[in-house]
There are 2 protein chains.
Amino acid sequence: MEEGSLNTEFVLLDTKESTFDETWKPVWGEVSSIRNHYNELLVQLQQKTTGKKLNIRFRLFNDGLGFRYEFPEQPNLKYFVLKQEDTEFALTGDHKAFWIPGDFDTEEYRTVTSKLSEIRQKMKDAVTSNVSQTTFSPTGVQTPLMLKSQDGLYINIHEAALVNYSAMNLNLDDRSFILTTFLTPDAQGNKGRLQAPCDSPWRTIIVSDKAGDILTSKLILNLNDPTRYQDTSWIKPTKFMGVWWEMITGKSTWSYADVDNVQLGVTDYSKLAPSGKHGANTANVKRYIDFAAANGIGAVLVEGWNVGWEDWFGHQKDFVFDFVTPYPDFDVQELRRYAASKGVKLVMHHETSSSVRNYERHMDAAYRFMAANGYDTVKSGYVGNILPVGEHHYSQWIVNHYLYAVTQASNYHIMVDAHEAVHMTGLSRTYPNLMAEEAARGTEYEAFDGNPPDHTTILPFTRLIGGPMDYTPGIFETQIEKVNPRNHNYVHSTLARQLALYVTMYSPLEMVADLPENYERHMDAFQFIREVAVDWDDTKVLEGEPGDYITYARKAKGTDNWFVGRTNDEEARISHITFDFLDPSKAYLATIYADAPNADYKTNPQAYLIRKIRLTSKSKLDQYCAPGGGYAISIFPEK
Amino acid sequence: MEEGSLNTEFVLLDTKESTFDETWKPVWGEVSSIRNHYNELLVQLQQKTTGKKLNIRFRLFNDGLGFRYEFPEQPNLKYFVLKQEDTEFALTGDHKAFWIPGDFDTEEYRTVTSKLSEIRQKMKDAVTSNVSQTTFSPTGVQTPLMLKSQDGLYINIHEAALVNYSAMNLNLDDRSFILTTFLTPDAQGNKGRLQAPCDSPWRTIIVSDKAGDILTSKLILNLNDPTRYQDTSWIKPTKFMGVWWEMITGKSTWSYADVDNVQLGVTDYSKLAPSGKHGANTANVKRYIDFAAANGIGAVLVEGWNVGWEDWFGHQKDFVFDFVTPYPDFDVQELRRYAASKGVKLVMHHETSSSVRNYERHMDAAYRFMAANGYDTVKSGYVGNILPVGEHHYSQWIVNHYLYAVTQASNYHIMVDAHEAVHMTGLSRTYPNLMAEEAARGTEYEAFDGNPPDHTTILPFTRLIGGPMDYTPGIFETQIEKVNPRNHNYVHSTLARQLALYVTMYSPLEMVADLPENYERHMDAFQFIREVAVDWDDTKVLEGEPGDYITYARKAKGTDNWFVGRTNDEEARISHITFDFLDPSKAYLATIYADAPNADYKTNPQAYLIRKIRLTSKSKLDQYCAPGGGYAISIFPEK
């Protein structure tokens, strides 16, 4: 046995069994009350040759298993470098898998649906280009990994409570169908630096013969610690618009001037000629504020408000942003006043350009600036290769940073929505100001080179298993040429399905992503977005098959209002649902926003029909869904 | 020509010549007025094949040359990765060299004196062990590099104004005697990441046929920019004692408890049993404060005052210190009150354990804690391998950090003395709160495994060329067994030479390093330390030969008082000096602290004689110096 390996020659010291059964209330969520019920087995091992102790703790739930490694305080193991972790998931066959390429830096790949045995041949095409990417194996995949066996068992593999540890990918042996953990390396190729006593994250397996059970499982949240914060009253779900999509489509720019080389603190922006294409100017922001205020949208995000965007991209620039200096045409004080007068919050943007040390150096000033100017939510971003060089987005060193940003934010009562960060692992239970992340291929890619029409029928089974996704839905004008004539991409979705996403892509921070003028042309459809909630008492999965369709029903927190959403893949389908989740003693008025019969995400996306019907708990519905379509239903008790 | 090389195929675009002649006053220094007089040649080049522009700026002084590379703003070069810099110093022969092994992480080697051709064979023995070290070549050496040619020319090679660039070592080709720059790599093996417009540091060559001219050259300072700070009134040279040597010798400990594994924020120190050996306890600190107050020493450093020392060393621990939480037996408030009541400042200690991100995370709180508690000076340390992993003490990324710590400190009017940091390059002109560094093998090594008796006859020609060294002199009890019976090392110096070091090892922060009880036995000798200044109007080198002896005379700023110091190598010698630097119109009373005739650093270090004589500018002195000895003279105008 080589020196330092801790995976063999153990003796069993002891085992302890226990049961835990508790119900807890999340600060926000898909449900308002969660039962945490498991049987636990603690296995205490000692390595014969070295005396090193290792515990493995198993928690068995009705819908799955979590286990983790624990390195107890002991004389023979204190500080150690983790070279690798060899947890194996031995699958029973060549399952169907919904996978993205294993990578240390990005999750922004289209999901591939294939058998495990096909991963190797499909990998090359799956690895589309990204400004920061590092694949590691021709059969490497990320988690959450969604699987379906031949005999219809749904299996989801992931991790929970990723704290101070390297993030997990999986490496498939495609002869044995064994998946082995493959952690993200640091700049020296090691997987972590640990000090006993400490624990690994939980490795999780959620299992059911019903796809919907995967979606509603609370196993990952339950394996995380209860919230650390004494006071959580400042944490509030919201919808938000954004001076953003107009830049993503290329209609306007984040940058202010047409130069390609600036030095913060040196470049005098007041002397630069504005390009005239800068999106985040005071007047434009006010337009969004006006629309938000008029339509009950609580907040407006503004990207490109701060100096440095002229040369931020792709250079791994160190001092790239300072997070506090606005462009000459962005009036911080005036917009603070204006937004407050309209009852709208502004959402801050901290694109870090992955210059992580730079962000940490400025973080305190940046958060104080937010607090001083009425911002209580920040969308952060980590586009590009990480600085310090050699580290990866998912290495222990950077995993540590993301949580540092969240806990520091909590000192200022700031909520965080992190883009390009490490996959979520239920940490929002412990740190409920971590509202959402992107950490997957979101709506923005529709403006770059498209998302498949079944994309959102998969993401809840994969990306969202660890936590909410800021998917930024709500694009009504799916033909992007209408926004920017030079951009010939299109959103692979009908308008009706865009409404459904507010129900099917759960997030406490839900973006209303399109331009006001694109909503103004469809205010009848927009009514659904006005009304849909962002925080829930209860959630049901009415229908679900990964890659095909999902239909959710959710009850708005503290109300008797329900919202239903269906997202559909590229096939026209009929959705068959019942309303037995409704209160049998009540009658309801429902508004259904659905694809017209001739709707199609490619050829006729904006063909939708709105109708109102009366519902009871005995009602049924057979509803047509177009290719790349779906429907949304708002359900209010009759007066 | 390989893509990306910028060292060949240039055309000369233009040259510009100019002259500069200005006198400036440093905030503190060896002299109060410095003339900056050079002829400058700016050479503007363009690479034929790529169009890239490169300037080389030369500044020729009477005593040497500085040149640097400038990457002007240009279309063909914006962001680039520096793979290597190939500046060559083509020496004319097999010079005598005073060198330490080239290394990316430590300067704490004994200087080796040899011909260049002998470096290769002597390298193995020269590379003594250090907790953080990375040699790179069997003929690699550090700078400042001191050389002496066969025909008596003294040559010193170094760099000035090291800002946002990787630190320089030199790699010797020992057949051609060409030294080529060898920069410190980052975690990916590159030497830097730059954005044009930017400049390299100055590469410097100081030359004279008089050794003393090397010591008094102001070339390095002159190549640095004038001070950035508007107000420098808060920057004050001082002497300081320290609760430090008792831990270095092993008499007491930095740590509070006898455990070897702590977690900050988790470990409850109030529940740990104190070992009884903790040096930084309130009563002990008060002893030092009392002695300092009674003897005109302005400050007391305390190391080991803060939690975390039990397991700080050698683990590359991330969250190792928080810089604000004292041990249970160190009363911050009481010591603040006590020191203030005695007119003594306390000097803060920030040992970072090279956990650089951790230091930056806590830096603001740490500096605010200092400001709130009356500390205006901090000694920082970078013991151990750098975190983030893969970086080196002298890489661009970490060079950037040291200066960040200094500029951040200036916001709090804090002065900095950095240990284990990158070699100094005259930055104290621009940032005069960078008072000193260790950045070489200091007095502490006498307690580990000794410094050669000629060590301090070399350091001013090497280490101190870039700036002051916190050499921590003043050890009276050179037999360390008398301090800690288990430590059998000894200080390779006579007591008289320890006094001389206050003159020969220039620093605006001068430590009075021994224990009070060791001074109390020799208060007659201690009188010199009481009186010696730490800031100077003028400095003369009366005698000097690297590796043999140096005699300095310095005039205390704003007074007519002079101090003379002589440091001597392992040979008994007679020093021959005149006093023609004195005011010819005055008479002076001098006190000479010298080795007794039978003194010897090994066998009889504490044999010294004190005598008083009357001096004028016409006086001469022939003074015996013992092996490893020297003398100190205080000279005051007669009343």
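Residues numbered from 1 in each chain as written. Chains lettered and ligands numbered in written order. Predicted model: local features only at pLDDT ≥ 70, side-chain atom pairs only at ≥ 80, totals over all residues. Heavy atoms only, no water.

(A) Representation of the overall build of chain A in the model. A tally of helices and strands in chain A yields 13 helices and 31 strands. Its C-alpha radius of gyration of 24 Å places chain A within 12% of the 26 Å reference for a compact globule of 639 residues. With the C-alpha coordinates aligned to their principal axes, the bounding extent of chain A is approximately 70 × 70 × 50 Å. Buried residues in chain A amount to 65% of all 639 residues. (Helix = DSSP H or I, 4+ residues; strand = E, 2+ residues; numbered from the N terminus. Rg over C-alpha atoms; globule rule 2.2 N^0.38 Å. Buried < 20%, exposed > 50% of the residue type's maximum accessible area, 1.4 Å probe, protein only.)

(B) Region of interest: the sheet that holds strand 13 (residues 178–183) of chain B. Residue and element names in this part refer to chain B. Ordered in space as 6-13-12-9, the four strands form an open sheet in which the pairing is antiparallel. Two strands lie at the open edges of the sheet, namely strand 6 (88–90) and strand 9 (140–142), each paired on one side alone. Between one strand and the next, the sheet's axes are offset by a mean angle of 30°, whatever the strand orientation. (Pairing = 2+ DSSP bridges. Axes fitted to C-alpha atoms, helices over the stretch in contact; angles between N-to-C directions.)

(C) Main features of the pairing of strand 20 (residues 377–381) of chain B. Residues and elements named next belong to chain B. Of all five residues making up strand 20, five are buried, and the element is well covered by its neighbours. Residue alternation in strand 20 divides its side chains into two sets, T377, K379 and G381 and V378 and S380, and both sets are buried. Direction of pairing for strand 19 (residues 345–351) relative to strand 20: parallel, over a ladder of four bridges. Residue pairing across strands places H350 opposite S380, the latter belonging to strand 20. You can see the chain leave strand 19, run along helix 7 (residues 356–372) and come back into strand 20, and the turn it takes is right-handed. Of the pairings in the sheet, the one linking strand 20 to strand 21 (residues 415–419) comprises five bridges and is parallel in character. When the sheet's bridge partners are listed, T377 is paired in strand 21 with M415. What joins strand 20 to strand 21 is helix 8 (residues 396–410), and the crossover it makes is right-handed. (Right-handed = clockwise from strand over helix to strand, strands pointing away.)

(D) Examining the side chain of H401 of chain B more closely. The topology assignment puts H401 of chain B in helix 8. Engagement of the side chain of H401 of chain B in a polar contact is seen with the side chain of Y382 of chain B, the distance being 2.8 Å. Setting aside residues up to four positions removed in sequence, H401 of chain B forms contacts with R357 and R361 of chain A together with V356, Y359, E360, M363 and Y382 of chain B. (Polar contact = N/O pair within 3.5 Å; in protein donor to acceptor, adjacent residues only side chain to side chain. Contact = heavy atoms within 4.5 Å.)

(E) Here's a closer look at the packing of aromatic side chains. All names here are of chain A. Under the counting rule described, the total for this entry stands at 78 aromatic pairs over all chains. The interplanar angle of 75° and the centroid separation of 5.3 Å between the aromatic rings of Y269 and Y327 together place this pair among those described as edge-to-face. Taken together, the residues Y269 in the loop between helix 4 (245–248) and helix 5 (282–294) and Y327 in the loop between strand 18 (299–302) and helix 6 (332–341) connect sequence positions 58 residues apart. Looking at Y269, the relative accessible area reads 7%, which means it is buried. (Phe/Tyr/Trp six-rings, centres within 6.5 Å; stacked < 30°, edge-to-face > 60°.)

(F) View of helix 13 (residues 523–531) of chain B. Taken residue by residue, helix 13 of chain B has A525, F526, F528 and I529 of chain B as its buried positions. Looking straight down helix 13 of chain B, one finds its buried side chains confined to an arc of 140°; they lie on one side. (Arc of directions from axis to C-beta.)

(G) Structural view of the side chain of N484 of chain A. All names here are of chain A. For N484, the location among the structural elements is in the loop between helix 10 (455–458) and helix 11 (495–504). Judged by its relative accessible area of 5%, N484 is buried. The residues contacting N484, other than those within four sequence positions of it, are T249, G250 and K251.

(H) Quick peek at helix 8 (residues 396–410) of chain A. In this model helix 8 of chain A runs 21 Å from its N-terminal to its C-terminal C-alpha over 15 residues, within 8% of the 21 Å that 1.5 Å per residue would give. Of all 15 residues that make up helix 8 of chain A, 13 are buried, and the element is covered over most of its length. (Expected span 1.5 Å × (residues − 1).)

(I) Broad picture of the interface of chain A and chain B. Contacts between the two partners involve 32 residues from chain A and, on the opposite side, 32 residues from chain B. Summed over both sides, the interface between chain A and chain B buries roughly 3100 Å², with carbon and sulfur atoms accounting for 46% of that surface. Among the residues chain A hides against chain B, the three largest losses belong to Y79, R361 and W397 of chain A. Together they make up 23% of the total. Joining chain A to chain B, the criterion identifies four salt bridges. Residues E360 of chain B and R361 of chain A are paired through a salt bridge, measuring 2.8 Å at the closest nitrogen-oxygen approach. Put simply, chain A and chain B have 24 residue pairs in polar contact (both at pLDDT 80 or more) between them. Here the residues of the side of chain A that touches chain B are counted per class, giving ten nonpolar, nine polar and 13 charged. (Buried area = accessible area lost by both parts, 1.4 Å probe. Salt bridge = Lys/Arg side-chain N within 4 Å of Asp/Glu carboxyl O. Nonpolar A, V, L, I, M, F, W, Y, C, P; charged D, E, K, R; others polar.)

(J) Quick look at the sheet that holds strand 13 (residues 178–183) of chain A. Residue and element names in this part refer to chain A. As summarised here, the arrangement of the four strands in space is 6-13-12-9, forming an open sheet in which the pairing is antiparallel. Edge strands, defined here as strands with exactly one partner in the open sheet, are strand 6 (88–90) and strand 9 (140–142). The average undirected angle you get between the axes of adjacent strands in this sheet is 30°. The pairing of strand 12 (residues 168–173) with strand 13 spans six bridges and is classified as antiparallel. In the strand pairing of strand 13, L170 is matched with T181.

(K) Representation of the environment of M146 of chain A within the structure. Along the chain, M146 of chain A turns up in strand 10 (residues 145–148). When sequence neighbours within four positions are dropped, the list of residues in contact with M146 of chain A reads K96, A97, F98, Y154, I155, N156, I214, F461 and T462 of chain A.

(L) Quick peek at the environment of K540 of chain A. Residue and element names in this part refer to chain A. Relative to the helices and strands, K540 is located in strand 24 (residues 536–545). Note on K540: relative accessible area 33%, which makes it partly exposed. When the C-alpha atoms of K540 and T216 are compared, they prove to be 7.5 Å apart, with 324 residues separating the residues in sequence. Apart from the residues within four sequence positions on either side, K540 is in contact with T551, Y552, A553, W562 and F581. Reaching out from K540, the side chain makes a polar contact with the side chain of D538 at a distance of 3.2 Å.

(M) Focus on the packing of helix 7 of chain B against helix 8 of chain B. Residues and elements named next belong to chain B. Running from N to C, helix 7 and helix 8 cross one another at 5°; their axes reach a closest spacing of 11 Å. Relative to helix 8, helix 7 is oriented roughly parallel. Contacts between helix 7 and helix 8 pair V356, Y359, E360, M363 and Y367 from the former with I398, H401, Y404, A405, Q408 and A409 from the latter. Here the contact of helix 7 with helix 8 is composed, by residue class, of eight nonpolar, two polar and one charged. (Parallel < 35°, antiparallel > 145°, perpendicular 65-115°, else oblique.)

(N) The confidence of the model for chain A, seen in detail. Considering every residue of chain A, the mean pLDDT works out to 97; 100% of them sit at 70 or more. Predicted complex, confidence summary: ipTM 0.94, pTM 0.96. (pLDDT = per-residue confidence, 0-100.)

(O) Examining the relation of the copies chain A and chain B more closely. Expressed as a screw operation, the relation of chain A to chain B combines 0.0 Å of axial shift with a rotation of 180°, fitting to an RMSD of 0.0 Å. The superposition operator between the copies reduces to a two-fold rotation axis. When C-alpha distances to the rotation axis are compared across chain A, the minimum falls at A187 of chain A, with a value of 3.0 Å. A shared interface surface links the copies, since 100% of the contact residues of chain A are contact residues in chain B too. (Least-squares fit on C-alpha atoms with pLDDT ≥ 70 in both.)

(P) Region of interest: the environment of G192 of chain B. Within the secondary structure, G192 of chain B sits in strand 14 (residues 192–195). Excluding residues within four positions of it along the chain, G192 of chain B makes contact with F80, V81, L82 and Q396 of chain B.

(Q) Layout of unusual backbone geometry. Cis geometry is adopted by the peptide bond preceding P144 of chain B, which originates at T143 of chain B and carries an omega value of 5°. Within the secondary structure, P144 of chain B is located in the loop between strand 9 and strand 10 (145–148). Phi angles above zero are rare outside glycine, and S353 of chain A is one such case at about 55°. Inspection of the secondary structure puts S353 of chain A in the loop between strand 19 (345–351) and helix 7 (356–372). Judged by its relative accessible area of 4%, S353 of chain A is buried. We note that A439 of chain B has phi near 55°; this positive angle belongs to a residue other than glycine. Assessed through its relative accessible area of 2%, A439 of chain B is described here as buried.

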